Amino acid sequence: MPAATSLDVTAIREDFPILAQQVHGKPLVYLDNAATSQKPKCVVEALTHFYLMDNANIHRGVHQLSERSTKAYDAARAKVRRFLNAAEAREIIFVRGATEGINLVAQTYGRTHVGAGDEVVISALEHHSNIVPWQMLCEEKGAALRVIPINDRGEVEFDQFEKLLNRRTRLVAVSHVSNALGTINPVREIVKSAHGWNVPVLIDGAQAVPHMRVDVRNLDCDFYVFSGHKVFGPTGIGVLYGREKLLEDMPPYQGGGDMIRSVTFEKTTYNELPYKFEAGTPDIAGVIGLGAAIDYLDQIGMDAVAAHEHDLLEYGTTELESISGLRLIGTAREKAGVLSFVIDGVHPHDAGTILDREGVAVRTGHHCAQPVMDRFGVSATTRASLAFYNTREEIDALVAGIHKVKEVFGV
Amino acid sequence: MINDLYQETILDHSKRPRNFRLLEDANRKAEGYNPLCGDKCAVFLKESNGVIDKVTFQGAGCAISTASASLMTEVLKGKTIADAEALLGKFHDLLTTDQPLPKDLGKLAVFSGVREFPARVKCATLAWHALRAALRGGGEAVSTE
């Protein structure tokens, strides 16, 4: 059955040669997009072109190649600014991924603003990357980590969140979309409440940016992080958006080249934004590849992406719910991209192995979100996660694969 | 192919694990943990004069890890510690090499299919990691990583 959206998925799939292959003699059905997304040809070509034709260090040489690579690098930053609708390109800091972005904020903003007896608020939906950096900070400073509870659907309990805010709260860090369940958090409302206490908010957008239009000025958030490889770009590159005023006041993260204005053994003057936070030669090719991925998404349109995936999610939810013995974990009213489930009498790892033999790639395990698993009383789930290049036929293949799992296990 | 992995014996032991209980009079025990999937397996031994009199396990895991632990407890009963160590080595070879199947594996030969599924080798060895820790003392949880 064709999807009821305007996206020409057949044409789009031509841009992703990796999808047109067989595994174990079956057509590949790639439903592990929340772990990492596939790359369109234009991204791979941008990387190849950079290394074959333009490779040089940036912001250094006076020569032609350095000018070209610097131009391409700076252009990519401008693309990211536009993609997130940030006010200024200097609010876009390139990092290795969402994880490093969170650690940067914890180690700079966090270490200067969080002290003994203070509190940092996260949610029960967080990926380990948005838990551990704050635990480390709180342990070092003698601060407390407070956790917004979630309900049985996997939604944050907003009234409980508002009760957690107090005069000791120094920062709120929440995911935009949960990687394990797909819940879309009411981040705009969270920011509004936190700002009522003058508390800044970091949003982990790793699982949101691939699926929907993100506007950091509309969200009014103070920090926003995402990873390039989950948004059809290369691995090893990610973005931290930070409100200029906050970034200006923060100490540097790492010391080195590029982040300084002048160095003597007595005194170093730090460079201006964004370079203050980009010590050393960055992942130039990665940045350029990410820029190419953003160009590609601009062409398709994030609204069309969101509409197509919404259709797939609705279809998949209905299809999976009709399978006896299957329980969806995470049934939030607002969801994006994720179908997480357990099957009675079958451990997710066994389901994952059997699905793989049917050509269906899914993630099984705790998805680096063990507290979420504990909340639902499971040790692991099977997670199918979507991208705009997926189709209803692929959901059908997942459903057929689940029936095969049940057949092997006699359940 | 998939049925080479999920053989009847494995499915049977995963659904009805044998010796699946705490052993009150154990004099050796150890826990195995696979941090990648969260699977846990505690192995309890009652050993006297170098002979394993009783062996049980507890834990939560996939069909492969549960069946492996269950069959392990069956084959170990009455074995000497030296025999158990030797079996451990053979079982590991069974899973990780492409050599012809080691002899004298008895029921454990049903795990030969795991070879074709490298991602699942750690599931099959979890209980055996715990066994090795129990035999060699220490008592700390061991990790497959």
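Model, not experiment: these values are computed from the prediction.

1. Let's talk about the overall build of chain B
Right, on to step 1. Tallying secondary structure elements over chain B gives five helices and four strands in all.
Right, on to step 2. When the helices and strands of chain B are read in sequence order from the N terminus, they spell out α-α-β-β-β-α-α-α-β.
Right, on to step 3. Relative to its length of 145 residues, chain B is compact, with a C-alpha radius of gyration of 14 Å against a globular reference of 15 Å.
Right, on to step 4. Reported as C-alpha extents along the three principal axes, the dimensions of chain B are approximately 40 × 30 × 30 Å.

2. Details of the domain arrangement of chain A
Residue and element names in this part refer to chain A.
Right, on to step 1. When cut into domains, chain A gives domain 1 (9-30 + 302-409) and domain 2 (44-299).
Right, on to step 2. Here domain 1 and domain 2 have C-alpha centroids that lie 28 Å from each other.
Right, on to step 3. Each side of the interface is counted separately: domain 1 has 22 residues, and domain 2 has 23 residues.
Right, on to step 4. Mapped by element, the contributors of at least two residues to the side of domain 1 that touches domain 2 are α11 (302-321), β14 (338-343) and α13 (370-375).
Right, on to step 5. Residue contributions to the side of domain 1 that touches domain 2 peak at five residues, all from α11.
Right, on to step 6. When the residues that make up the side of domain 1 that touches domain 2 are grouped by side-chain class, the tally is 12 nonpolar, five polar and five charged.

3. Thoughts on the nonpolar core
Right, on to step 1. In this structure, Ile288 of chain A together with Val43, Ala127 and Ala130 of chain B are the most contacted members of the largest nonpolar core, which totals 158 residues.
Right, on to step 2. If one sorts the elements of this core by residue count, helix α10 (residues 284-300) of chain A sits on top with 10 residues.
Right, on to step 3. Taken domain by domain, this core gets at least three of its residues from each of domain 1 (9-30 + 302-409) and domain 2 (44-299) of chain A.
Right, on to step 4. Sequence-distant contacts of Val43 of chain B, that is, excluding residues within four places in its chain, are made with Lys29, Ala30, Val55, Phe57, Ala127, Ala130, Leu131 and Ala134 of chain B.

4. What about helix α5 (residues 132-141) of chain A?
All names here are of chain A.
Right, on to step 1. Restricting attention to buried positions, one finds in α5 the residues Pro133, Trp134 and Leu137. Across the axial projection of α5, the buried residues extend over an arc of 95°, all falling on one side.
Right, on to step 2. Note on α5: the residue one or two positions beyond its end, Gly142, has a positive phi of about 75°.

5. Let's talk about the sheet that holds strand β7 (residues 169-175) of chain A
Residue and element names in this part refer to chain A.
Right, on to step 1. Taken in spatial order, the seven strands of this open sheet run β4-β10-β9-β8-β7-β5-β6, and their pairing is mixed. The open sheet has two edge strands, β4 (92-95) and β6 (144-148), and neither has a second partner. Along the sheet, successive strands turn relative to each other by an average axial angle of 20°, direction set aside.
Right, on to step 2. Direction of pairing for β4 relative to strand β10 (residues 238-242): antiparallel, over a ladder of four bridges. Note on β10: the bridge partner recorded for Phe94 is Val239.

6. Brief notes about the environment of Asn166 of chain A
Right, on to step 1. As for its placement among the helices and strands, Asn166 of chain A is situated in the loop between α6 (158-164) and β7.
Right, on to step 2. Along the backbone, Asn166 of chain A and Ala143 of chain A are 23 residues apart, and their C-alpha atoms lie at a distance of 14 Å.

7. Observations regarding the interface of chain A and chain B
Right, on to step 1. Each partner contributes residues to the interface: chain A has 13 residues there, and chain B has 15 residues.
Right, on to step 2. The dominant element in the side of chain A that touches chain B, judged by the number of residues it contributes, is helix α12 (residues 348-357) of chain A, at five residues.
Right, on to step 3. Partitioned by chemical class, the residues of the side of chain A that touches chain B number four nonpolar, seven polar and two charged.

8. Comments concerning the pairing of strand β11 (residues 260-263) of chain A
Residue and element names in this part refer to chain A.
Right, on to step 1. Judged from the three bridges that link them, β11 and strand β12 (residues 268-270) form a sheet pairing that is antiparallel. Residue pairing in the sheet places Ile260 in a bridge with Tyr270 of β12.
Right, on to step 2. Adjacent in sequence and paired antiparallel, β11 and β12 are bridged by four residues.

9. Some details on the confidence of the model for chain B
A low pLDDT means the predicted coordinates there should not be read in detail.
Residue and element names in this part refer to chain B.
Right, on to step 1. For chain B, mean pLDDT is 90; residues scoring 70 or higher make up 94% of the total.
Right, on to step 2. Of all secondary-structure elements in chain B, the lowest mean pLDDT belongs to strand β4 (residues 142-143), at 66, while helix α3 (residues 63-76) reaches the highest, 96.
Right, on to step 3. Reported confidences for the modelled complex are a pTM of 0.93 and an ipTM of 0.89.

10. As for the sheet that holds strand β16 (residues 363-365) of chain A
Residues and elements named next belong to chain A.
Right, on to step 1. In spatial order, the strands read β13-β14-β17-β16; together these four strands make up an open sheet with antiparallel pairing. Two strands in the sheet have a free side with no partner beyond their single neighbour: β13 (326-328) and β16. Averaged over neighbouring strand pairs, the angle between their axes works out to 30° when direction is ignored.
Right, on to step 2. Two strands pair when backbone bridges link them, and β14 and strand β17 (residues 381-385) are joined in this way by four bridges, in the antiparallel orientation.

Criteria and thresholds
- Residues numbered from 1 in each chain as written.
- Chains lettered and ligands numbered in written order.
- Predicted model: local features only at pLDDT ≥ 70, side-chain atom pairs only at ≥ 80, totals over all residues.
- Helix = DSSP H or I, 4+ residues; strand = E, 2+ residues; numbered from the N terminus.
- Rg over C-alpha atoms; globule rule 2.2 N^0.38 Å.
- Domains from an automatic or database assignment.
- Contact = placed C-beta atoms within 7 Å.
- Nonpolar A, V, L, I, M, F, W, Y, C, P; charged D, E, K, R; others polar.
- Core = buried A, V, L, I, M, F, W, Y, C linked by C-beta atoms within 7 Å.
- Buried ≥ 20, exposed ≤ 12 C-beta atoms within 10 Å, placed from the backbone.
- Arc of directions from axis to C-beta.
- Pairing = 2+ DSSP bridges.
- Axes fitted to C-alpha atoms, helices over the stretch in contact; angles between N-to-C directions.
- pLDDT = per-residue confidence, 0-100.

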